[in-house]
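# Coordinate inspection notes
Listed below, chain by chain, are the residues.
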Amino acid sequence: MKSNIQPITAGNATGPAPQSEGDAPLHKRLIPEGLNVPESFILADEGVYKIAPQGQLRLVSGPVWVSAKTRDISGNGWGIHVQWIDQDGLRRERAFPTRQLHERGQSAVVVHLADEGLRVIPGQESPLLSYLGSFETNHRIASTAQTGWLMAPDLALSYVLPHTVISSDETLPVAFQPERFSPSADSLHANGSLKQWQAQVAHYCIGSPILQFGVCLALTPPLLRFAEMDSFGVHLYGASSQGKTTALQVASSVWGNGADPAASAHSSIQRWNTTANALEGLAAAHNDGLMALDEMGTYTGSDFGAVVYNLMGGQGKARMNDHAGMRNMRTWRLIALSTGEISIKAKVEEYGATVKAGQINRFLDIPVSGRIIQPSHGVPPAKLADLLKEAAGRCHGTLGPAFVEKLIHSAPDAPALQQRVKQLTADYTAQLHGTVQLEPHQVRGLRRFGLICTAAHLANEFQLLPWTLTNSVNAITEAAHTWLAENVSDAVRGILAIRNFILQFQESKFRTTHELRSAKSQTHHDIAGYFLPDKSIYAFTPDGFKRACGGLDPKSVAAALDQHGLLFKNESGRRMSKLTIPGASNRLRVYAVESDILDADMVGGE
């Protein structure tokens, strides 16, 4: 994707200038003129020299200079924007906090420069730091220590990633200047084109609702700020070898390297097997973005409930710095996508802790039963999984930035964008539960699924996904109802299973009376029943009703439907009815579910 502005970012490399007339060295062509080099130093084609008191020249490093001073939008967090020529003749650039020039022991500035190709003469680290810290320049650029939205009254709406900045102002320079090592710097980058990602990753998600749900979820984090919603997580859990990690890879490829974390050190997917402090750092590095966590069972700490609260609370613990002062607390706003074999609830209870409503509401458990990757495109699921895994590590990091760029230009300003996001989210939330009366925590949970629907709506409007909006909304609705079913009684869970089945398959597994009366109607072998519009009834065959119950006892589900007035009956003492179905020689015995189930008020007051 072509960014709107020329970014000043972490670790950018610029190719060597094309050969020109004359024999000027490559370094001289890449080093700008007019630099105010500090006293007692010389910047030459070969590098930086320190001038000794007797006039001797001592080589300190390869060519490096300070091109600008940086500070954040509040006027704090000062730093330097450094450019240098690496040992392959490429010009690179990175912003560093000024305080890193004064660190005791090994300086992070020197370590980063050396790691990214600057030749640093051993023993000359201190003169190099003195040289960089003494540079004077009147050039100022804005900086930010985090990825995500850079918003201020006098700045254009801008979204910062480690290697690109997306803004409506083509002249706005912004430096990504993390306070310490940023784990997202190596993983959140683009590889390949958006068209390649659409053809090699997204195309193969069609027919697999959980994969489509994951992609829509991955697009949602930039909307959190405009929806005025806090961080939250979604956890896919179930038996191994169902495709959960593949789904995580597909979602991760929206923003960065979607390679399997077991195969690539630069994957944007992290394992849960780390410390609470490391998870805080990871969250701060994915501000306004997606944090992907695999294998929740590998977290061995006994404080998992507190970790869930802290991660989704958006603020780290207060800690002391090296000088006994207080460090700035890490903050973030994000969406986490996690996988594991057990639920968040079960993990919290593992050490005898009591699960609180806030924990299961901040991290939404969605059970996965059966294979995530469905056979499609003539490719069997196992081979399709291999194709997706390989493609997610090869084509990645293009959809997310393209979505943000379209988002920025979809409204005249931030307030207008906020109004639209809030309205779409309210509309989709209402659509997800109709007139169902829910507990407050359930309403908050469904609102999060409503925001995911909003992301899907906008992605469809921007023409970024190769499937329809209906496909996206159906996938999200299925996930939402699956989550909701885990948080209600068995009776309501059964009603929701029937309703979800109707919503998902009403066009493919129910024959209408018009079709039945049509002489040209094709034979349907895999149907669940019939829709009778004159009676407003979905007439399930016994086998179709059993499938729709999703593993629950059909008799118990029928009793729940009957209790809530959602089952049509025409025989005393029976919950099945005998109905005349056009085209059938005899009246059929069916479960006659009222179409009011799609709007039923059934949860809060049972």
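Refer to the structure printed above.
This write-up is about the structure you can find in this document. (Residues numbered from 1 in each chain as written. Predicted model: local features only at pLDDT ≥ 70, side-chain atom pairs only at ≥ 80, totals over all residues. Heavy atoms only, no water.)

The subject of this paragraph is the overall build of the protein. From N to C terminus, the protein includes 20 helices and 23 strands. Here the protein, with 606 residues, has 52% of them falling under the buried criterion. Sequence-distant contacts in the protein: of pairs separated by 6 or more residues, those separated by 24 or more amount to 67%. (Helix = DSSP H or I, 4+ residues; strand = E, 2+ residues; numbered from the N terminus. Buried < 20%, exposed > 50% of the residue type's maximum accessible area, 1.4 Å probe, protein only. Contact = heavy atoms within 4.5 Å.)

Moving on, we come to the nonpolar core. In globular proteins that are soluble, nonpolar side chains generally tend to be buried together. Formed by 84 residues in total, the largest nonpolar core has its most connected members in Trp 197, Phe 213, Val 234, Trp 255, Leu 399, Phe 403 and Phe 449. When residues in this core are grouped by element, the largest group, nine residues, is from helix H15 (residues 440–461). Those residues within four positions of Phe 213 in sequence are excluded, and the remaining contacts are Val 234, Ile 366, Phe 449, Ile 452, Ala 475, Ile 476 and Ala 479. Formed by 25 residues, the second largest nonpolar core is a distinct cluster that contains Leu 30, Ile 31, Phe 41 and Val 48. (Core = buried A, V, L, I, M, F, W, Y, C linked by side-chain atoms within 4.5 Å.)

A few words on the side chain of Ser 264. Its location among the elements puts Ser 264 in the loop between helix H7 (244–252) and strand S14 (269–271). Classification of Ser 264 as buried rests on a relative accessible area of 18%. A polar contact is formed between the side chain of Ser 264 and the backbone nitrogen of His 266, at a distance of 3.2 Å. What Ser 264 contacts, discounting residues up to four positions off in sequence, is Asn 257 and Ala 259. (Polar contact = N/O pair within 3.5 Å; in protein donor to acceptor, adjacent residues only side chain to side chain.)

Right, let's get into the pairing of strand S2 (residues 41–44). The two faces of S2 differ: Phe 41 and Leu 43 on one face are buried, but Ile 42 and Ala 44 on the other face are not. Two successive antiparallel strands, S2 and strand S3 (residues 47–51), enclose a turn made up of two residues. (Pairing = 2+ DSSP bridges.)

Put simply, helix H16 (residues 469–485) and helix H17 (residues 490–505) touch, their axes get as near as 10 Å, and they point 175 degrees apart. In terms of axis orientation, H16 runs roughly antiparallel to H17. Contacts between H16 and H17 involve Asn 474, Thr 477, Glu 478, His 481, Leu 484 and Ala 485 from the first element and Arg 493, Leu 496, Arg 499, Asn 500, Leu 503 and Gln 504 from the second. Here the residues of the contact of H16 with H17 sort into four nonpolar, five polar and three charged. (Axes fitted to C-alpha atoms, helices over the stretch in contact; angles between N-to-C directions. Parallel < 35°, antiparallel > 145°, perpendicular 65-115°, else oblique. Nonpolar A, V, L, I, M, F, W, Y, C, P; charged D, E, K, R; others polar.)

Take H17 next. A rise of 1.5 Å per residue sets the reference length of H17, with its 16 residues, at 22 Å; its end C-alpha atoms lie 22 Å apart and thus fit the reference within 8%. Every buried residue belonging to H17 is among Val 492, Arg 493, Gly 494, Ile 495, Leu 496, Ile 498, Arg 499, Asn 500, Phe 501 and Ile 502, and all of these are buried. (Expected span 1.5 Å × (residues − 1).)

Turning to the sheet that holds S2, a few remarks are in order. The sheet built from three strands is open, its strands ordered S2-S3-S4 with antiparallel pairing. Only two strands of the sheet have a single neighbouring strand rather than two, namely S2 and strand S4 (57–61). If you compare each strand with its neighbour and ignore which way they point, the axes differ by 30 degrees on average. Two strands pair when backbone bridges link them, and S3 and S4 are joined in this way by four bridges, in the antiparallel orientation. Bridge pairing links Tyr 49 to Leu 59 in S4.

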